[in-house]
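Residue-level structural notes
If you want the building blocks of each chain, they are given just below.
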Amino acid sequence: RIADAIPTPWHDVVVVGEGGGIASAMRARAWKATKKAATMAKDGWKKQFEQKVKLTGLPVPVAQCHAVQKKLKKHLYDRPKRRSVVRGEEKEDVRVVLLHERYGDGMELPQDVLQVMEELGIQGKTYEDVLDYEHWTAEQVLQKLFPDVQELPTSFETVGHIAHLNLKDEFRKHKEIIGQVFLDKNQPHIRTVVNKVGNIEDEFRVFPMEVIAGEDNTVAEVRQHGSRFKLDYEKVYWNSRLENEHRRLVELFQEGDVVCDMMAGIGPFAVPAAKRGCTVYANDLNPTSTHYLTINSRINKVQEKVHTFNMDAREFVRLLVHPSAERRTNARAHVEMQEDAEHLQTVLSQLPAVGVSFDHVIMNLPASAVEFLDVFQDVVEELELRAGHKKLPKIHCYMFAKSDETKEDIRVRAEGYLGAHIEDAALHCVRNVSPNKDMYCLSFSLPRAVCYAREEVKRQRCE
């Protein structure tokens, strides 16, 4: 009680006594006051959104209220945490339908509103509403903060509880306020806002980012078509825009198929394929991706179907086809976590001594996957011997292409790395990445002629 009676700031008062109870209470109170003052200073910019607005309201009988709302939907008052229909003050059986605030500022009422008023024999009345920051949408807030900017940051990618922004340079100095706006207006499902601060340049396809609002927590959980995925968005590659492509490709697989996923990431293809009844050998060079791939296999109860590796994609394919002792040893080289090392040891022990034959190969690294097609020159003979009269594996290679490249150009580019003509090329446009850049999936059966390309390479080396 004494501490509460002493005004802050408390550092102007000297307290003498035993036990320190009063002093401790004063320090706690001062700390809370300081924290509150800092928060108020930090959020002071929100005060500019406090204002009164004039509204036009229509007194409508309760029985006809729903029909009027439906008819005047585009003209109704529209603010977050505000209703467009309120109780009337004069009669219990009357509700007040509030029109958009633009009509309270003297704008002429549209014809369909006038028609409703005439049919019901009612007159509009003036009402007043008091607004503050919580009654503005994110778009409205940003328009008020940056009235002279034409293209405002109004959209973001959602990854679990994370909102991912790509702010232009002109907004970088205001990133904390912009991040706070998106956080405030998208709670409770958004708890962290991150901003991309550079391009994807490292070998793991991870872009540099910074947390600009909310929790400093980039470990998220996402759901796609009945599957759950856990990931650290700061350390692994993930793109929510590829959800439909993940489903499209997996639906091509049949129960019992064996799938080789060379660049598997955290498992957006591998896990659904396993749930479809496929056996999946999944690999990624990024140890963190492999770690979460193993976790996601367990979360979705397909750990018996997904065999996880952490190595170079070419070495991975060679290991599956020719699992020599040396290659088994090399497979352990990149593994960092003890639990992942133990998991890999189990996977390697279960790898057939004669190697693995597969029905589908997924190469999801659009920037450079096409370059890895040359690995099939090393393994096609063995795959052909095992296949007999069956078809060789179906390859699904993701790649970027310029907007002016034709289907023929893309096929020829793939043939250059593969070393053989592709007869049954099927090209699917996945998405438009930028005005001059598209992402494609090139699917084809591995040509038997690839083995001749290998012989040609050998001949050239000998010469």
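In this report, we go over the structure that sits alongside the text. All figures in this text were calculated on a predicted structure; none of them were measured in a lab. (Residues numbered from 1 in each chain as written. Predicted model: local features only at pLDDT ≥ 70, side-chain atom pairs only at ≥ 80, totals over all residues. Heavy atoms only, no water.)

1. Points about the sheet that holds strand β3 (residues 94-98)
Heads up, the condition is: For two strands to be treated as a pair, DSSP must find at least two bridges joining them. Here a helix means four or more residues in a row that DSSP labels H or I, a strand means two or more in a row labelled E, and each is numbered from the N terminus. Orientation is described by axes fitted as lines to C-alpha atoms, over the contacting stretch for helices, and by angles from 0 to 180 degrees between their N-to-C directions. By the convention used here, residues are in contact when the closest approach between their heavy atoms is within 4.5 Å.
Pairing is antiparallel in the open sheet, where 4 strands are placed in the order β2-β3-β1-β4. Strand pairing shows two members of the sheet lacking a second neighbour, β2 (85-87) and β4 (125-131), which therefore form its edges. Each strand axis lies, on average, 40° off the axis of its neighbour in the sheet, ignoring direction. Relative to β3, strand β1 (residues 51-61) is paired through 5 bridges, and the arrangement is antiparallel. Directly across from Pro61, in β3, lies its bridge partner Val94. Contacts between helix α3 (residues 62-71) and the sheet are confined to β1, β2 and β3, with β1 contributing the most and set at about 120° to the helix.

2. Here we look at the pairing of β3
Test applied: Relative accessibility under 20% of the residue-type maximum defines a buried residue, over 50% an exposed one, and the middle range a partly exposed one, all with a 1.4 Å probe and only protein chains included.
When you tally the buried positions in β3, you get 5 out of 5 residues, the bulk of the element. Residues Val94, Val96 and Leu98 line one face of β3 and the alternating positions Arg95 and Val97 line the opposite face, and both faces are buried. In this structure, β2 lies alongside β3, joined through 3 bridges in antiparallel fashion. Along β3, the bridge assignment pairs Val86 with Val96. Hairpin geometry of β2 and β3 is characterised by an intervening segment of 6 residues between the two adjacent antiparallel strands.

3. Remarks on the packing of aromatic side chains
The cut-off we apply is this: Classification of ring pairs rests on two measures: the distance between centres of Phe, Tyr or Trp rings, Trp counted by its six-membered ring, which must be within 6.5 Å, and the angle between planes, read as stacked under 30 degrees, edge-to-face over 60 and tilted in between. Over a ring means this: the NZ of a Lys or the CZ of an Arg is within 6 Å of the ring centre and within 35 degrees of the ring normal.
Applying the stated rule across the entire model yields 10 aromatic pairs. Aromatic pair Phe309 and Phe316: ring centres 5.3 Å apart, planes at 50°, arrangement tilted. Residue class for Phe309 comes out buried when judged on its relative accessible area of 1%. Since its relative accessible area comes to 0%, Phe316 is described here as buried. By the ring-pair criterion, three or more aromatic residues cluster together here, those being Trp45, Phe49, Tyr133 and Trp136. Directly above the aromatic system of Tyr133 lies the positively charged group of Lys185, at a separation of 4.1 Å from the ring centroid. Lying over the aromatic face of Phe372, Arg314 brings its terminal NZ or CZ to 4.2 Å of the ring centre.

4. Focus on the side chain of Thr288
With respect to the helices and strands, Thr288 occurs in helix α9 (residues 287-299). Accessibility expressed as a relative area gives 17% for Thr288, which makes it buried. Those residues in contact with Thr288 that lie beyond four places of it in its chain are Lys235 and Val236.

5. Comments concerning the nonpolar core
Looking at soluble globular proteins, one finds that nonpolar side chains tend to be buried together. Our working definition: Among the buried residues, those of types Ala, Val, Leu, Ile, Met, Phe, Trp, Tyr and Cys that are joined through side-chain atoms within 4.5 Å form a nonpolar core.
In this structure, Met262, Phe309, Met363 and Phe376 are the most contacted members of the largest nonpolar core, which totals 51 residues. Top element by residues in this core is helix α10 (residues 313-321). It accounts for 6 residues. Residues within four places of Met262 in sequence aside, it is in contact with Asn283, Asp284, Ala313, Phe316, Val317, Val361, Ile362, Met363, Phe372, Val375 and Phe376. Ranked by size, the runner-up nonpolar core spans 37 residues in total, among them Phe229, Val236, Val259 and Val430.

6. A closer look at the pattern of salt bridges
Test applied: Basic side-chain nitrogens of Lys or Arg form a salt bridge, by our definition, when they fall within 4 Å of a carboxyl oxygen of Asp or Glu.
Applying the stated criterion to the full structure yields 21 salt bridges. Residues Glu92 and Arg87 are paired through a salt bridge, measuring 3.7 Å at the closest nitrogen-oxygen approach. Overall, Arg87 belongs to the exposed group, its relative accessible area being 57%. Note that Glu415 and Arg411 form a salt bridge whose closest N and O atoms lie 2.3 Å from each other. Of this pair, Glu415 and Arg411 both sit in helix α14 (residues 407-418), 4 residues apart, roughly one helical turn. According to the relative accessible area criterion, Arg411 is buried, its value standing at 12%. One continuous salt-bridge network, built from bridges that share partners, spans Glu315, Arg318 and Asp378.

7. What about the sheet that holds strand β15 (residues 394-402)?
Read across the open sheet, the 7 strands follow the order β13-β12-β11-β14-β15-β17-β16; overall the sheet is mixed. Of all strands in the sheet, those bounded by a partner on one side alone are β13 (306-309) and β16 (426-434). Looking at each pair of strands side by side, their axes are set apart by 20° on average, direction ignored. Where β16 meets strand β17 (residues 437-445), 7 bridges bridge the pair, whose relative direction is antiparallel. Residue pairing in the sheet places Arg431 in a bridge with Met439 of β17. Each of β12 (279-283) and β13 is contacted by α9, which is oriented at about 165° to β13, the strand it contacts most.

8. Let's talk about helix α4 (residues 111-120)
Rule in force here: Here, the arc refers to the directions that run from the helix axis to the C-beta atoms.
Of the positions making up α4, those classed as buried are Val113, Val116 and Met117. Projection of α4 onto a plane perpendicular to its axis shows the buried side chains occupying an angular sector of 100°, all on one side. Of the residues in α4, the exposed ones pointing more than 90 degrees away from the buried face are Gln111, Glu118 and Glu119. Lining the buried residues of α4 we find β1 and α3.

9. Regarding the environment of Asp374
For clarity, the cut-off: Throughout this description, a polar contact denotes any pair of N or O atoms lying within 3.5 Å of each other; where both atoms belong to protein, one of them has to be capable of donating a hydrogen while the other can accept it, and for residues adjacent in sequence the pair is counted only when both atoms sit in side chains.
With respect to the secondary-structure elements, Asp374 resides in the loop between β14 (360-363) and α13 (376-387). Taking the C-alpha atoms as reference, Asp374 lies 8.9 Å from Gly416; in sequence the two are 42 residues apart. Asp374 has contacts with Arg314 and Tyr417, leaving out every residue within four places of it along the chain. Within the local environment of Asp374, its side chain forms a polar contact with the side chain of Arg314, the two groups lying 2.9 Å apart.

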